[in-house]
Amino acid sequence: MINQIIKKYRVRRERLDETTARLVKDLWPHVIDGTIINGGNFQIRDGIYRTHYLATASFKAAVLLFKRAKSKNKKATLSFLIDNFSIRDKVFKIPKEYLKILKENHISLKAVFYFKESQLRNRAGRHLVKRISGGKLKAKNLFYEVAHFFRKIEIARKHKTLKVFTPLGTALLTQQLFDSEKLGNKVAMNLMHEGSYVSKNNANALVYHSLGGKMTVINVYFKERADHIIIEASLHK
């Protein structure tokens, strides 16, 4: 397996738009026919949409890449991961700032393909957790050891009340990759605000490829630090 950092930027917030444009330019050579571009995920708490400026920046970068792919007649998909566990009325609505980005770039809302965390969790429970555990779940936690990288990654945890194993963030993101591959994609490009994800450090790509995943995965993390922003893109295949 190949896992390498391909781009890293350290910028101040006032230069985020400029850096996002550079990021899109640098990522463009990796966009081929059959690329799924995912960006913009944010946490919803108690039915309240709490968007973050870095999540919005990741969505903008994804839209710009998708727009460029369309202009070059490349077969690409723009996707969005919905944190639908906390939506009270069970109906997700794209935030106004996201709609504005779509409108400015002449992208229809209908062009966005949605992944739902609830559905990913259900599929991960039926397939990924069983595959990793071999159907034998006895301890309180289920870990997957990525031997080549000497990493032990938590996949599921036994629910205290229900006493059943619940897939965790890494399992959901790994399942999203397998679902993307099943849709016929060859490259999965994930642009993520680090603070909106429990699973970090490219754990999804490591587990996915260790279990036989065939797509090239490019993870881009937008990280907020005290006085600056770090954007780090890494390639995994």
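It should be noted that the structure appears before, not after, this text.
We now turn to the structure provided with this report. Since we're looking at a predicted model, the values are computed, not measured.

What about the overall build of the protein chain?
Then, number 1: Looking only at helices and strands, the protein chain has 6 helices and 12 strands in total.
Then, number 2: In terms of overall dimensions, the protein chain is globule-like: its C-alpha atoms have a radius of gyration of 18 Å, near the 18 Å expected for 237 residues.
Then, number 3: Considered along the principal axes of its C-alpha atoms, the protein chain spans approximately 50 × 40 × 40 Å.
Then, number 4: The burial tally for the protein chain puts 50% of its 237 residues in the buried class.
Then, number 5: Sequence-distant contacts, at least 24 apart, represent 72% of the contacts inside the protein chain between residues at least 6 apart.
Then, number 6: Side chains of the protein chain give 46 positive and 19 negative charges; the mean places of these two sets differ by 6 Å.

Here we look at the sheet that holds strand S7 (residues 141–146)
Then, number 1: Strand order in this open sheet of 3 strands is S7-S8-S9, and the pairing throughout is antiparallel. For this open sheet the edge positions go to S7 and strand S9 (165–167), each flanked by a neighbour on one side alone. Across the sheet, the mean angle from the axis of one strand to that of its neighbour is 40°, orientation sign disregarded.
Then, number 2: Sheet topology places S7 next to strand S8 (residues 151–158); 6 bridges connect them, and they run antiparallel. Residue pairing for S8: Val146 is matched across the bridge by Arg151.
Then, number 3: Docked against the sheet, helix H6 (residues 203–210) engages S7 and S8, running at close to 95° with respect to S8.

What to know about the sheet that holds strand S6 (residues 112–116)
Then, number 1: Taken in spatial order, the 7 strands make up an open sheet running S1-S12-S11-S10-S2-S5-S6, and their pairing is mixed. Edge strands, defined here as strands with exactly one partner in the open sheet, are strand S1 (3–11) and S6. With strand direction ignored, the average angle separating the axes of adjacent strands in the sheet is 20°.
Then, number 2: With 5 bridges joining them, strand S5 (residues 76–82) and S6 adopt parallel strand pairing.

A closer look at the packing of helix H4 (residues 117–133) against helix H5 (residues 169–182)
In a packed pair of helices, the relevant descriptors are the angle between the two axes and the axis-to-axis distance.
Then, number 1: Relative to each other, H4 and H5 sit at 90°, their axes nearing to 8 Å. Relative to H5, the element H4 is oriented roughly perpendicular. Across the interface between the two elements, Glu117, Leu120, Arg121, Arg123, Ala124, His127, Leu128 and Arg131 of H4 pack against Ala171, Leu172, Thr174, Gln175, Gln176, Phe178 and Asp179 of H5.
Then, number 2: A per-class count over the contact of H4 with H5 returns 6 nonpolar, 4 polar and 5 charged.

Overview of the pattern of salt bridges
A side chain of one charge can pair with a side chain of the opposite charge if their charged atoms are brought near each other.
Then, number 1: Following the criterion strictly, the structure yields 7 salt bridges and no others.
Then, number 2: Taking the shortest distance from any N to any O, the salt bridge between Glu154 and Arg157 comes out at 2.9 Å.
Then, number 3: The shortest N-O distance in the salt bridge between Arg225 and Glu194 comes to 3.2 Å. Within this pair, whereas Arg225 is found in the loop between strand S11 (216–224) and strand S12 (229–236), its partner Glu194 is found in the loop between strand S10 (187–193) and H6, the two being separated by 31 residues in sequence.

Some details on the side chain of Gln175
Then, number 1: With respect to the helices, strands and loops of the structure, Gln175 is situated in helix H5.
Then, number 2: Setting aside residues no more than four positions away along its own chain, Gln175 makes contact with Leu120, Arg123, Ala124, His127 and Leu128.

Quick notes on the packing of aromatic side chains
Then, number 1: Tallied over the full model, the rule gives 13 aromatic pairs.
Then, number 2: Between Phe42 and Tyr49 the ring centres are 5.8 Å apart and the planes differ by 50°, which places this aromatic pair in the tilted class.
Then, number 3: Relative to Tyr114, the ring of Phe80 has its centre 6.5 Å away and its plane inclined at 90°; by these criteria the two rings are edge-to-face. Taken together, the residues Phe80 in strand S5 and Tyr114 in strand S6 connect sequence positions 34 residues apart.

Considering the environment of Val207
Then, number 1: Considering the arrangement of structural elements, one finds Val207 in helix H6.
Then, number 2: Between the alpha carbons of Val207 and Thr170 there is a distance of 8.4 Å; along the sequence they are 37 residues apart.
Then, number 3: Sequence-distant contacts of Val207, that is, excluding residues within four places in its chain, are made with Tyr144, Ile153, Ile155, Thr170 and Thr174.

Thoughts on helix H1 (residues 16–27)
One full turn of an α-helix is made of 3.6 residues, so residues set three or four places apart face in the same direction.
Then, number 1: In this model H1 runs 16 Å from its N-terminal to its C-terminal C-alpha over 12 residues, within 8% of the 16 Å that 1.5 Å per residue would give.
Then, number 2: Listed as buried for H1 are Leu16, Thr19, Thr20, Leu23, Val24 and Leu27. Down the axis of H1, the buried set is contained in an arc of 145°. They therefore lie on one face.
Then, number 3: Tucked into the core, H1 has its buried residues touching S1, helix H2 (53–71), S10, S11 and S12.

Rules behind the numbers
Residues numbered from 1 in each chain as written. Predicted model: local features only at pLDDT ≥ 70, side-chain atom pairs only at ≥ 80, totals over all residues. Heavy atoms only, no water. Helix = DSSP H or I, 4+ residues; strand = E, 2+ residues; numbered from the N terminus. Rg over C-alpha atoms; globule rule 2.2 N^0.38 Å. Buried < 20%, exposed > 50% of the residue type's maximum accessible area, 1.4 Å probe, protein only. Contact = heavy atoms within 4.5 Å. Lys, Arg positive; Asp, Glu negative; His and termini not counted. Charge placed at Lys NZ, Arg CZ, Asp CG, Glu CD. Pairing = 2+ DSSP bridges. Axes fitted to C-alpha atoms, helices over the stretch in contact; angles between N-to-C directions. Parallel < 35°, antiparallel > 145°, perpendicular 65-115°, else oblique. Nonpolar A, V, L, I, M, F, W, Y, C, P; charged D, E, K, R; others polar. Salt bridge = Lys/Arg side-chain N within 4 Å of Asp/Glu carboxyl O. Phe/Tyr/Trp six-rings, centres within 6.5 Å; stacked < 30°, edge-to-face > 60°. Expected span 1.5 Å × (residues − 1). Arc of directions from axis to C-beta.

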